[in-house]
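Fold and geometry: a report
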Amino acid sequence: MTQAFLDRVTSFAADHLTPAAADWSMGETPDTAIYEMAGQIGILGMQVPQSFGGQGLDFATRAAACSILAGADFGFAMSLVNTHNIALRLSEIAPDAMCQRYIPDLLSGKISACTALTEPSTGSDFAAVTTQAIQADTGWVLNGEKTWIINGRHAGLSIVYAQCRSIGDSKGIGAFLVDLNAKGVMRYAIDGGFAQTSMGTGGFSLQDVEVAHDAMLIAPGTAFKAILTEINGARTYVAAMCNGMVGQAIADVAAYGRHRDSFGKPLNAIPSWQAALSAAEAALNSSQTLTARAIDLVNTASDAQLAAAQAKIEAVTCAQRYLPELLHLMGAEGLRPERPFARHIAAAQIAGFTDGATNILKDRVARLTAQKGP
Ligand SMILES: Cc1cc2nc3c(=O)[nH]c(=O)nc-3n(C[C@H](O)[C@H](O)[C@H](O)COP(=O)(O)OP(=O)(O)OC[C@H]3O[C@@H](n4cnc5c(N)ncnc54)[C@H](O)[C@@H]3O)c2cc1C
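Everything numeric here is computed off the predicted structure, so don't read it as measured data.

Around the ligand, a shell composed of 17 residues is seen, among which Thr115, Leu117, Thr118, Ser124 and Trp148 lie nearest. One nitrogen or oxygen atom from the main chain of Leu117 is found 2.8 Å from an oxygen atom belonging to the ligand. At 3.5 Å, a backbone N or O of Gly123 approaches an oxygen atom of the ligand. The fraction of the free accessible surface of the ligand (970 Å²) that becomes covered by protein chains is 66%. Counting residues per element, the ones that place at least two in the shell around the ligand are strand 1 (113-116), strand 3 (139-149) and helix 9 (358-372). No other element matches the three residues that helix 9 contributes to the shell around the ligand. Classifying every residue of the shell around the ligand by side-chain character gives ten nonpolar, six polar and one charged. Mapped onto the domain boundaries, the shell around the ligand takes at least three residues apiece from domain 2 (113-218) and domain 3 (223-372).

Set out below in structure tokens:
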């Protein structure tokens, strides 16, 4: 089941993402048919239980699929997994009626979805969110703005984190399911190479947006803890995605070096050229080892906080350092949009921010390591 699924993901990435990614990196928006195709082969429901129409696969398979997809296009892979995450979240905690209403459309790719924490005035300091949720007779009224949100430009649904008490009270933060086509929602796209069109990066403001009582999916007092637990999985699959990009770049460089001649011999016969490629391979191997450890812990629902942070730091750092070096080994050919290097390099910078910025994670690792003692 798992291997058959990963084979389908590999073919989907090769046949549909790689050929389209050059246009996406020049600003074109992905065709909705590709999203629906991802739904048909089960990507949007990979870890969603079969009882909800998903594939019921484990976290390790999700991480492996994310890695394959990111090797073709990190942005689109992020877009898909973020929609998947909302379907999975709903299957775990939403009332039955809500699951029946939304999960089928999420799994089929009819609608995309996002998770919205970041705001114009706060990113890393999640406890400082200022989007406010005020209780009303009919439910809750939301006001605020979310920005730099994957799928923000097209998502039909969002899990929005908002303060239900006073600003700065981490125990006052709750999470709400918001229909982004509702009255009072105004969305915008964030364009540019680093935003990655295929990631659907955007933001939205919420002006007196009314949601029902049962839209509160995570009550104040538990949202902060819930996001910190969930984020270990996200950090781990982002690490796998960075490894996927470096692995794809290494494969492209190795293939190119066999056929491109310079001074009468193939590039891969030049010692310094080969040494640079070998250094990237060694760095990838060591990153993959840390990622595999984190995957194992997340997969078995063990404490993955330290391992996930370490894996993400290592994988992001490896991608940020070696993707430019791998591009260099390609010569000018590596700059062509048909090649993945430019968008992978931008994606590695993005990966350094999403689900915990590298500096913050380094501090976290230092704290957790000190707690564990020698
Ligand atoms: C393309 C893209 C997609 C994104 N998608 C989403 C999404 O879907 N949902 C969502 O909610 N958010 C999303 N984000 C936002 C992302 O989570 C934030 O960028 C991240 O949390 C960092 O916040 P910030 O950018 O506001 O930086 P800041 O928090 O302002 O930090 C700026 C710099 O200071 C450092 N820093 C800050 N505080 C500390 C500290 N205490 N110790 C050490 N260093 C510190 C940071 O590491 C960083 O280098 C996305 C971002 C990008 C770029």
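There is more to say, and it comes next.
In this section: the environment of Trp148. Residue placement: Trp148 occurs in strand 3. Its relative accessible area of 51% is what places Trp148 among the exposed residues. Remark: the alpha-carbon pair of Trp148 and Lys265, spanning 117 residues in sequence, is separated by 47 Å.

Taken domain by domain, the protein holds domain 1 (2-108), domain 2 (113-218) and domain 3 (223-372). Here the C-alpha centroids of domain 1 and domain 2 sit 22 Å apart. With 23 residues of domain 1 in contact, the opposing surface of domain 2 contributes 18 residues. Overall, the association of domain 1 and domain 2 removes approximately 1,700 Å² of surface from exposure, summing both partners, and the carbon and sulfur fraction of that is 69%. On the domain 1 side of the interface with domain 2, the three residues burying the most area are Asn82, Ile86 and Met98, jointly 28% of the side's total. In this structure, the connection of domain 1 to domain 2 is made through zero salt bridges. Counting across the domain 1 and domain 2 interface gives five residue pairs in polar contact (both at pLDDT 80 or more). Counting residues per element, the ones that place at least two in the side of domain 1 that touches domain 2 are helix 3 (59-93) and helix 4 (96-108).

This next bit is on the pairing of strand 4 (residues 157-163). Judged by how many residues are buried, strand 4 sits mostly within the fold: seven of seven residues are covered. On strand 4, burial covers both faces: Leu157, Ile159, Tyr161 and Gln163 on one face and Ser158, Val160 and Ala162 on the other are all buried. Where strand 1 and strand 4 come together, four bridges link them in parallel fashion. Residue pairing for strand 4: Cys114 is matched across the bridge by Ser158. Note: strand 4 against strand 5 (residues 173-179), seven bridges, orientation antiparallel. Within strand 5, the residue paired with Ile159 across the bridge is Leu177.

All right, on to the pairing of strand 3 then. In this sheet, strand 3 lies alongside strand 2 (residues 132-136) in antiparallel orientation, the contact comprising five bridges. Counterpart to Ala136 in the pairing with strand 3 is Gly139. Taken together, the eight bridges between strand 3 and strand 7 (residues 202-212) define a ladder with antiparallel strand orientation. Residue pairing in the sheet places Gly139 in a bridge with Ala212 of strand 7.

By the largest-angle criterion, Leu17 marks the main kink of helix 1 (residues 2-25), which is about 40°, and a proline, Pro19, follows within four residues. Three or more residues of helix 1 are buried, namely Phe5, Leu6, Val9, Phe12, Ala13, Leu17, Ala20, Ala21, Ala22 and Trp24. Taken together, the buried residues of helix 1 touch helix 2 (32-40), helix 3 and helix 8 (341-351). In the stretch just after helix 1, Gly27 is the one whose phi turns positive, near 105°.

The rules behind the values
- Residues numbered from 1 in each chain as written.
- Predicted model: local features only at pLDDT ≥ 70, side-chain atom pairs only at ≥ 80, totals over all residues.
- Heavy atoms only, no water.
- Near = heavy atom within 4 Å.
- Polar contact = N/O pair within 3.5 Å; in protein donor to acceptor, adjacent residues only side chain to side chain.
- Areas by Shrake-Rupley, 256 points an atom, 1.4 Å probe, with all protein chains shown as cover.
- Helix = DSSP H or I, 4+ residues; strand = E, 2+ residues; numbered from the N terminus.
- Nonpolar A, V, L, I, M, F, W, Y, C, P; charged D, E, K, R; others polar.
- Domains from an automatic or database assignment.
- Buried < 20%, exposed > 50% of the residue type's maximum accessible area, 1.4 Å probe, protein only.
- Contact = heavy atoms within 4.5 Å.
- Buried area = accessible area lost by both parts, 1.4 Å probe.
- Salt bridge = Lys/Arg side-chain N within 4 Å of Asp/Glu carboxyl O.
- Pairing = 2+ DSSP bridges.
- Bend = angle between axes of the 7 residues up to and from the residue.

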